[in-house]
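# Summary of structural features
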Amino acid sequence: MSWFRALKDTTRSGLSVERQRLEPLVALRGAAGLAIVITVSLTFFGPAVAASSAFGAFQAAIATFQRSWRPRPELAVASGASLGVSTFLGYLTGGHLVAFLALLVLWTFLAGLSWAAGPTIGIIASSNVAMMLVTITLPTSVAAAAGHAAMMVFGGLVQAALVILFPVRRWGAHRDALADALAAEADYARRLRHDPVAPFDGEPLMLARNAAALTPRQARTRPAQLHGTRGLAERIRPVLASLADPAVGVPDEGPERERVRELLGAAGSILDAAARAIRHGAPVKVPPAAVATFKTPDTGVILSGPAKRAAARLGSLLRDVLETAGAHPDTQHPDTQHPETLETPDTQHPEPLNENAQLTSPALTHPTVTRPTVTSPALARPALTRPTLARLLPIAAGAMRKEVHPGSPILRHAIRVSAVAAVGYLIGTALPFGHSYWAPMAAVMVMRPDFSQTYSRAVARFAGTLIGVALATGLVQVAHPGTGLSAALAVVCAGLMYLVMRTGQLAAQACIAAYVVFLLGMGGEAWGQTVLERVVLTLVGGLLAMLAYALYPAWETPRLRTWLADWLLALGRYGAAVIGRYAEPDGGNLPDVREALLAARTAELAWQEAASRAWTEPVRHRGLSRAAADDAEHALQHIGRVEMLMEAHLPEREATPVPAAARLAKALSTATEDGARAVRERRVPNWQAVRDALADWDGEGVPDRVVRRGAGLLLEALEELSDALDTDVPPITLKPDDPPAPGGRDVDDRKSGDPPAPGGRDVDDRKSGDPPAPDGRDVDDRKSDDPPAPEDRDLDDRNLGDRKPEGPPGPEDRAAR
C-alpha cells in the first residue's frame, strides 16, 4: 500500500463515527462521581485542587470503561493511585528541566512497555502520563503537591465506591462474551445449511474463554447461567461442522441432506434462545418448532454412520446448553421424548459443565433428573483461574521484561513514545505560548504500538480538538461562566465523553477538548490563550507522533511469515494430537487435544490481527503478497476444519486402535515443523513425509472411515498451502500448444469455450488417459465424464486408499522441472 492510500485510509478511520450500543447509566455514574469529587474539592480546597482531583476522577472513570474481565473498582483505584504518584514525583522534579525530562522519559518508556501486559494496562498507563503533564503545573509547594496527589487518589476511590454501590450489569461483560459465543455458533449453524464448509471465526470462543477465567472471589459469586455453558459451546462447534460436511457426513443432496438442514436450523434457533437468555439474565424461551425437529424419530431412520452419531451428540449438547442457561424444568428438551434418536452422553470428550466445580454427567431421559457427581480424577479438569491484582503485578512486570530485546515492536513503541514526549516538551518550552505540556500530552495520548491506530488517532485528536475548542469557546463567549458553571460544564462534557467514547475517536476527543478547556477555565485561566496554544501544540504533538512512526517504525508486514509459520506449527500439533487418539483411544501419554486446539486458535487470532495491521501499512510485502497471504490463510483454515472434523468423531476408549494413525501423527508433526521452518525461510513446504505415511496406510483395515478420509483431506489442504506460497511463477495463461505451467495447474488443455473449473483449478476436463496433475491432487483417476469435485473436497466420494504408494511429485520436482 502506498503512503498516500495508507494516510487516506487512516484518516477516514480516525474521522469515522460508529454505531455502538450506548450505556447511559454507566456514563451517568461516571459523571456523578466526577461531580462529587469536584464539589468536595471546591468546597474545602479551592479551584486548583478541584482541577487536580477532577483529573483523577475523570481518568479513574475512563479506566472502568476499558474492556477487562477484572472488577472495575480495582481499575479505578489503580488508575487514581498511579496518577497521584506520578503527579507528586513530577512536581518534585518540575523545577529542573533536566531532571523532569529524565523522569518524563522514564515514565513514558515504562508506559510504552506496559502494552506488553495488555491493552487495558497500556491505555491506563499512557493516559496517566498524559494527565500528569497537566496536573504537575497546578500545585505551588511540596505540601500542596502531596495534597493534590491525595485528592487524585480520592477521586479514584469515589469512582470505585460508585461502581460497588451502583453496579450496572455487574456481570455484563461476561454475559455478553458468552452470549456472543453462542450467537456466533447459531449463525454458523445457519450458514452451514447453505455452505457445508462455511468458515468459523473462533474469536468469540476465545473471548468467552478469557471471560470464564475468574478470581476465587468471582468464582464464588458468579451467576448460575455462566456455569459451564462455554465448555458446551466449544464442543458444539466441531459437531455442527461434522454433521454438515459431506466429506464425513451426508451427500450434497437428498433426504439426508434435507434432514441435516432441518437439524442445523433448529440448532441455530435453540442457540439463539440460549444466547438471549444469558445476555439478559432471563429464562430461556425455547422455540417449539426447533424442539419438535429434534423430538421426531425420523432422525435415527434417515441418518446413519457418522452423521447419525453427530446428530445424536448435537441433541445431547443442546439439551445441556438449555439446562445450564436456565431453561424452565417443564421445558421440553430436544431429546426428552425420543431418546432412541440420540446416543448416550458424550464420553469421547469429557469436559466439566462447571469449570470451577466438579464434573457432572448429563441426565439421559428428562431434564429434571438429578445429576450424580462424577469424582473420577481422570475426567476432572482444572478450573480457569485469574490472578488477583497483587499477583498480577509481577506477571505484568515479567511480560514487560520479556519485550526488552532487539526487534520487539513493544520496545520500539516505548522508545518512540519516550523520545516524542521529550522532544515535544522541549518544543513546547521553546515556543512563546507557555503551557508546554500540550504537545507531549497530545503525542502520548495518540501513540499506539501499530501504525494504523497511531495515525488515525492523531487525525482524530486534531480534528476533535478543533471541534471541542470551537464549541467550548463559543459557549464561553455567550455565557461567560464563572467557577461553578465552568465546573458544571466540565462535568457535562465528561458525561458526554463517557457516553460516546465507544463510537469513535472524533466524538470522544471533541468532548475531552471541551472538558479540559472548561476545567482549566474553572481555575481562572484565560480562554483565548487556551484556545490558541491548545490547537497549535496539539497539531505539533500529532505531527511528532506520525513522524516518529515513519522514522522508527515497527512494521508488521515483514513478520507475517513468522505468524503464518506459528499458525502452521500449532495446527500440526493439534492434528497430531487428534490423529494420535485414533492410534491410542485411551489417551495414554499423548498431548491433550483441548490444549492443542486452544494453541491453534490463539495462533490463528494472532495471524488475523497481524494481517489486519499489515494491510494498512505503507510497506512492500517482501515476498508474501496479499493474494498469497489470503490463499495461505484459506488453506490453513481448511487444515483446521479437517482436524476439527476428526476431533468430532474421536474413538471411545474401548475402540479398536489404528496403528497407521500413529505413523501419520508422527509424520504430520515432523512435516509441519519442517514446513514452518520453510515458511520462515521463504521456501515452499514439502509434505512428502505425510504423503508416504498415507501411502503406507493402503491395505490396512480402518474401523472408522472418518480418520482415513480426513487424513486425505488434510494432505490436500497441506498441498494447497504449498501452492499458495509457491509464488515464484507469475499466474499467466498458456496457449494450447505450450508446455504445462510450472505451477502444476493444467490450464493448457482447456478449450477456449470451456468454463473454468470450480475453485479456479482447471483439472476436471482432462481425459482419463492424461498424466496426473503435478500439484499432487488425485484428479487423474476420474473419468472425463465425471462431474468436478467441489472446491476443497476432491476426495469426498473416493477412497483415498487407491493412491499409489509413491505418491505424486512434490514441490521439489516442480521446481526442478
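### Brief notes about the overall build of the chain
A tally of regular secondary structure across the chain gives 29 helices and zero strands. Put simply, the chain has 817 residues, and 56% of those count as buried. In the chain, once contacts between residues fewer than 6 apart in sequence are set aside, the share between residues at least 24 apart is 78%. Within the structure as shown, the chain displays about 34,200 Å² of accessible surface, and the carbon and sulfur contribution to it stands at 60%.

### Thoughts on helix H20 (residues 483-500)
For H20, built from 18 residues, the straight-helix expectation of 26 Å at 1.5 Å per residue is met to within 8% by its first-to-last C-alpha distance of 26 Å. Residues of H20 that are buried: Ser486, Ala487, Leu489, Ala490, Val491, Cys493, Ala494, Gly495, Met497, Tyr498 and Val500.

### Observations concerning the nonpolar core
Across soluble globular proteins, nonpolar side chains have a tendency to be buried as a group. If you look at the biggest cluster of nonpolar residues, it comprises 117 residues, and the most contacted ones within it are Leu240, Leu243 and Leu314. Ranked by residues supplied to this core, first place goes to helix H23 (residues 560-583) with 15 residues. Among the nonpolar cores identified, the runner-up in size contains 85 residues, and Leu34, Met131, Val516 and Val535 belong to it.

### Some thoughts on the packing of aromatic side chains
Under the defined criterion, the tally for this structure stands at 12 aromatic pairs. Among the aromatic side chains, those forming a connected cluster through ring pairs are Phe55, Phe58, Tyr498 and Tyr515. The ring of tyrosine 552 carries the charged tip of arginine 412 above its face, separated from the ring centre by 4.4 Å.

### Details of the pattern of salt bridges
Summed over the entire model, instances satisfying the criterion amount to 19 salt bridges. For the salt bridge of arginine 601 with glutamate 234, the shortest nitrogen-to-oxygen distance reads 3.4 Å. A residue pair is termed long-range when its members are at least 10 positions apart, and arginine 601 in helix H24 (residues 593-614) and glutamate 234 in helix H11 (residues 229-244) qualify at 367 residues. For arginine 601, a relative accessible area of 4% translates into the label buried. Ionic pairing is found between arginine 261 and glutamate 253, a salt bridge with its closest N-O pair at 3.9 Å. For glutamate 253, a relative accessible area of 57% puts it in the exposed group. Through salt bridges with shared partners, a single network forms among Arg169, Asp176, Asp180 and Arg279.

### Notes on the environment of glutamine 453
One can find glutamine 453 in helix H19 (residues 451-479). Taking relative accessible area as the criterion, glutamine 453 reaches 38% and is therefore assigned partly exposed. Put simply, glutamine 453 and serine 13 are 440 residues apart on the chain and 8.8 Å apart in space, counted from C-alpha to C-alpha. Setting aside chain neighbours within four positions, we find glutamine 453 in contact with Val446 and Arg448.

### Let's talk about empty space enclosed by the protein
Counted according to the given criterion, the structure contains 10 cavities of 30 Å³ or more. The volume enclosed by the largest cavity comes to roughly 130 Å³. Within the residue set of the lining of the largest cavity, elements represented by two or more residues are helix H8 (172-194), helix H9 (203-212) and H11. Of the residues contributing to the lining of the largest cavity, the split by class is seven nonpolar, four polar and three charged.

### A closer look at a nonpolar patch on the surface
A contiguous nonpolar patch, built from Ile415, Leu547, Leu551 and Tyr552 and spanning about 380 Å² of accessible area, is present on the exposed surface. Secondary-structure assignment places isoleucine 415 in helix H17 (residues 409-430). Look at isoleucine 415 and you get partly exposed, because its relative accessible area is 34%.

### Comments concerning the packing of H8 against H9
The geometry of H8 relative to H9 is characterised by a closest axis approach of 8 Å and an angle of 150° between their N-to-C directions. In terms of orientation, H8 and H9 fall into the roughly antiparallel class. Crossing of H8 over H9 shows left-handed handedness. The segment H8 lies against H9, with His174, Ala177, Leu178, Asp180, Ala181, Ala184 and Glu185 engaging Pro204, Leu205, Leu207, Ala208 and Ala211.

### Overview of unusual backbone geometry
Positive phi, close to 55°, is recorded for arginine 169, a residue that is not glycine. Here arginine 169 shows up in the loop between helix H7 (142-165) and H8. Residue class for arginine 169 comes out partly exposed when judged on its relative accessible area of 37%. We note that arginine 682 has phi near 60°; this positive angle belongs to a residue other than glycine. Checked against the element boundaries, arginine 682 lands in the loop between helix H26 (659-680) and helix H27 (688-697).

Rules of the game
Residues numbered from 1 in each chain as written. Predicted model: local features only at pLDDT ≥ 70, side-chain atom pairs only at ≥ 80, totals over all residues. Heavy atoms only, no water. Helix = DSSP H or I, 4+ residues; strand = E, 2+ residues; numbered from the N terminus. Buried < 20%, exposed > 50% of the residue type's maximum accessible area, 1.4 Å probe, protein only. Contact = heavy atoms within 4.5 Å. Areas by Shrake-Rupley, 256 points an atom, 1.4 Å probe, with all protein chains shown as cover. Expected span 1.5 Å × (residues − 1). Core = buried A, V, L, I, M, F, W, Y, C linked by side-chain atoms within 4.5 Å. Phe/Tyr/Trp six-rings, centres within 6.5 Å; stacked < 30°, edge-to-face > 60°. Lys NZ or Arg CZ within 6 Å of the ring centre and 35° of its normal. Salt bridge = Lys/Arg side-chain N within 4 Å of Asp/Glu carboxyl O. 1 Å grid on protein atoms, 1.4 Å probe; cavity = no way out; pocket = protein on both sides within 12 Å on 5 of 7 lines; lining within 4 Å. Points joined across faces, edges and corners; volume = space filled by probe spheres on them. Nonpolar A, V, L, I, M, F, W, Y, C, P; charged D, E, K, R; others polar. Patch = residues over 30% accessible without salt bridge, like charges linked within 9 Å, V, L, I, M, F, W, Y side chains within 5 Å. Axes fitted to C-alpha atoms, helices over the stretch in contact; angles between N-to-C directions. Parallel < 35°, antiparallel > 145°, perpendicular 65-115°, else oblique. Left-handed = near helix turned anticlockwise from the far one by under 90°.

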